[in-house]
Structures are given as structure tokens and as C-alpha cells.
Amino acid sequence: MIPLPMREIAPGAVHVPGWLTLDEQRHLVEACREWARGPVPIRHTVLPSGGVMSVQTVCLGWHWQPYRYTRVAHDVNGRRVADLPGWLAELGRRAVAGAYGHEMEYDPDTALINFYDGQAKMGMHQDKDERSDAPVVSLSIGDTCLFRFGNTETRGRPYTDVRLTSGDLFVFGGPSRLAYHGVPKVYPGTGDPATGLASGRLNLTLRVTGLR
Ligand code: SIN
Ligand code: FE2
């Protein structure tokens, strides 16, 4: 399939369809499968409200739990999360350069890996637990989803609905770094099993925490 052209959705927010090759997607699926096993296994995050997120999450580098980062997963099994490998940070640098059209310093120190089954979704939120204003890099594999990218002021309109399909890259930084975004819907059965993912959707976000 010929990918759609890349598109700036909002200032600093760029969608690059079909950015990952099939080989890169396969490699990421395999790596995610391994990370999902541990040292901190993938799980549904429990929110302070008592609610349980429908996506399942595993983290690298830093462990995210609402609403902070720690090295150790106190809310899961008390183990330290796996390191973020150099090759993944490098992929993040290439992603930022690909989206913005120029090289820049980018050294992500955490990855949040989310798995969506056919029913999972994610409400509108800001990624604001980081202390750095470096961009967020998002990579999608598997089933297509509806990704809603909004504004920095409210959870509501104006927003732009984008379909993220397997291999797509989405980078949001600059004036869009704190824009609300969410995933209202996943379209089951739309992924290519050749990625190694028979069903569901994987999303990796790479971020700079600004923590040490
Ligand atoms: C997120 O906002 O952390 C995940 C977004 C996505 O799954 O595309
Ligand atoms: Fe997010």
C-alpha cells in the first residue's frame, strides 16, 4: 500500500504514515513481547480514582504510574524496569529528524508501551509528567486506531481525528507538546499479521523525562 503523505496536524505535531518498515515492526513486536514478560510484567494500570485502564502497559527506563515516574514499579512487583536500549533511543532520534526534517538532539530515557485489545481506548489527556519539553515520539503497530489530537487548553474541540495505522509515526513537540490527545477507538482485524501481531494494537511512546 502506498502511504499517505506526511501531514502537520497542529504546529509541532506531525503524522508520518508508513514510517516503520515491516522488518522494523516485526523487530519491535518481538522486543515488546519480551519486555511484556518482565522484569516488570505488562499490566492494566490502576488509577488513583480506583479505575483501571483498558490498555495494558509496560515501561522501559522509567516506570510510569499515575502520575509520576519512578525507577522501581512499586505498584506492580517492586522490581526496577528494564533499561531503554540504545537502538530504541536511536530510532527515536531518527523519528524526530524524519518528522521535523532536520537533525536535533533527542535522547529519550523512557518508553511507554501500550497494548490495546479490540475494546481498549484511552481518554483525552496531556503527557505532562515529564519535566522536559522535548517531543514525544509515538509509533503504532497492528490494528488501526482513531487518534484524536486536540489543543492545549481543553479536552474538547478543536481537535483533529487521525487514523493511525501499522507503521505510522506521530511526533508532537513544540507548541503541541502539551496538547490533549486520546484513542477513542481501535478497529479490530485491520492489522497485518505479518508484523507478528495477530490482533490488537501496540503503541510505543518515547519521551524525555528530564529526571535523573
Ligand atoms: C498515549 O497517549 O500515551 C498513547 C497514544 C496512542 O496509543 O496512540
Ligand atoms: Fe499520551
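Heads up: the structure comes first, above all this text.
Residues numbered from 1 in each chain as written. Chains lettered and ligands numbered in written order. Predicted model: local features only at pLDDT ≥ 70, side-chain atom pairs only at ≥ 80, totals over all residues. Heavy atoms only, no water.

Some words on helix α1 (residues 22–37)
Under the convention used in this document: Secondary structure counts use DSSP, requiring at least four H or I residues in a row for a helix and at least two E residues in a row for a strand, with both numbered from the N terminus. Every helix has an expected span of 1.5 Å times one less than the residues it contains. For every residue, the accessible area obtained with a 1.4 Å probe (protein chains only) is divided by the maximum for its type, and the residue is called buried under 20%, exposed over 50%, and partly exposed between those limits. A contact between two residues is defined here by any heavy atoms of the two lying within 4.5 Å.
The end-to-end C-alpha distance of α1 is 23 Å, a good match for the 22 Å that 16 residues give at a rise of 1.5 Å each. Restricting attention to buried positions, one finds in α1 the residues Q25, L28, V29, A31, C32 and W35. Taken together, the buried residues of α1 touch β4 (52–60), α2 (86–100), β7 (110–116), β9 (136–142) and β14 (201–207). Among the residues trailing α1, G38 stands out with phi positive, at a value near 150°.

What to know about the pairing of strand β12 (residues 169–172)
This is how the line gets drawn: In short, DSSP must find at least two bridges between two strands for them to pair.
Residues L169 and V171 of β12 are buried on one face, and the alternating residues F170 and F172, pointing to the opposite face, are buried as well. When strand β2 (residues 13–16) meets β12, the two strands line up antiparallel, connected through four bridges. Across the sheet, A13 pairs through a bridge with F172, a residue of β12. Pairing of β9 with β12, which is carried by four bridges, proceeds in the antiparallel orientation. Within the sheet, the bridge partner assigned to S138 lies in β12 and is F170.

Side note on the site of ligand 1
For clarity, the threshold we go by: Think of it this way: one heavy atom of a residue within 4 Å of a molecule or strand is enough to make that residue near it. Polar contacts, as used here, are pairs of N or O atoms within 3.5 Å; protein pairs need one atom able to donate a hydrogen and one able to accept it. Residues neighboring in sequence count only if both atoms are side-chain atoms. Values of accessible area rely on a 1.4 Å probe in the Shrake-Rupley scheme; residue burial ignores everything except the protein chains shown.
The environment of ligand 1 is formed by N114, Y116, M122, H125, F147, H181, V183, R201, N203 and R207. Within the side chain of R201, one N or O atom sits 2.8 Å away from an oxygen atom of ligand 1. Between ligand 1 and the protein, one listed contact pairs an oxygen atom with a side-chain N or O atom of N203 at 3.3 Å. When ligand 1 sits alone it has 260 Å² of accessible area, and the protein chains cover 97% of it. Of all the elements in the fold, those that place two or more residues in the shell around ligand 1 are β7, β8 (122–125), β13 (181–186) and β14. Among the elements that take part in the shell around ligand 1, β14 stands out by supplying three residues, more than any other.

What to know about the pattern of salt bridges
Heads up, the condition is: Every case where a carboxyl oxygen of Asp or Glu lies within 4 Å of a side-chain nitrogen of Lys or Arg is listed as a salt bridge.
Under the criterion given, the structure shown has 10 salt bridges. The residue R94 makes a salt bridge to E24 at a minimum N-O spacing of 2.9 Å. With R94 in helix α2 and E24 in helix α1, the pair connects residues that are 70 residues apart, well separated along the chain. We classify E24 as partly exposed; its relative accessible area is 21%. D161 serves as the salt-bridge partner of R148, at 2.8 Å between the closest nitrogen and oxygen.

Points about the sheet that holds β12
Where we set the bar: Structural elements are reduced to axes, namely lines fitted to C-alpha atoms, with helices fitted over the stretch in contact, and the angle between N-to-C directions of any two is expressed from 0 to 180 degrees.
What the eight strands build is an open sheet, ordered β1-β2-β12-β9-β14-β7-β4-β3; its pairing is antiparallel. Each edge of the open sheet carries a strand with a single partner, namely β1 (7–10) and β3 (43–46). Across the sheet, the mean angle from the axis of one strand to that of its neighbour is 30°, orientation sign disregarded. Two strands pair when backbone bridges link them, and β7 and β14 are joined in this way by seven bridges, in the antiparallel orientation. The residue of β14 that forms the bridge with I113 is L204. Sitting on the sheet, α2 touches β2, β4, β7, β9, β12 and β14, and the angle it makes with β12 is about 80°.

Here's the deal with the coordination of the iron ion (ligand 2)
Put simply, the rule reads: Distances define the donors: N, O and S atoms within 2.8 Å of the metal qualify, as do those within 3.2 Å of Na, K or Ca. Water is excluded, so some sites may look unfinished. Tetrahedral means four donors with every angle between 85 and 135 degrees, whereas square planar (four donors) and octahedral (six donors) require angles over 155 degrees between opposite donors and between 65 and 115 for all others; sites fitting neither are termed irregular.
Surrounding the iron ion (ligand 2) are the protein donor atoms H125 (NE2), D127 (OD) and H181 (NE2), at 2.1 to 2.2 Å. Classification of the site at the iron ion (ligand 2) as irregular follows from its four donor atoms and the range of 88 to 176° in their angles at the metal. Coordination of the iron ion (ligand 2) draws on donor residues from a single chain, spaced H-x1-D-x53-H in sequence. Of this pair, D127 sits in the loop between β8 and β9 while H181 sits in strand β13, placing them 54 residues apart in sequence. For D127, a relative accessible area of 4% gives the class buried. H181 sits in the buried class, given a relative accessible area of 6%.

Remember that the coordinates give geometry; whether it matters functionally is a separate question.
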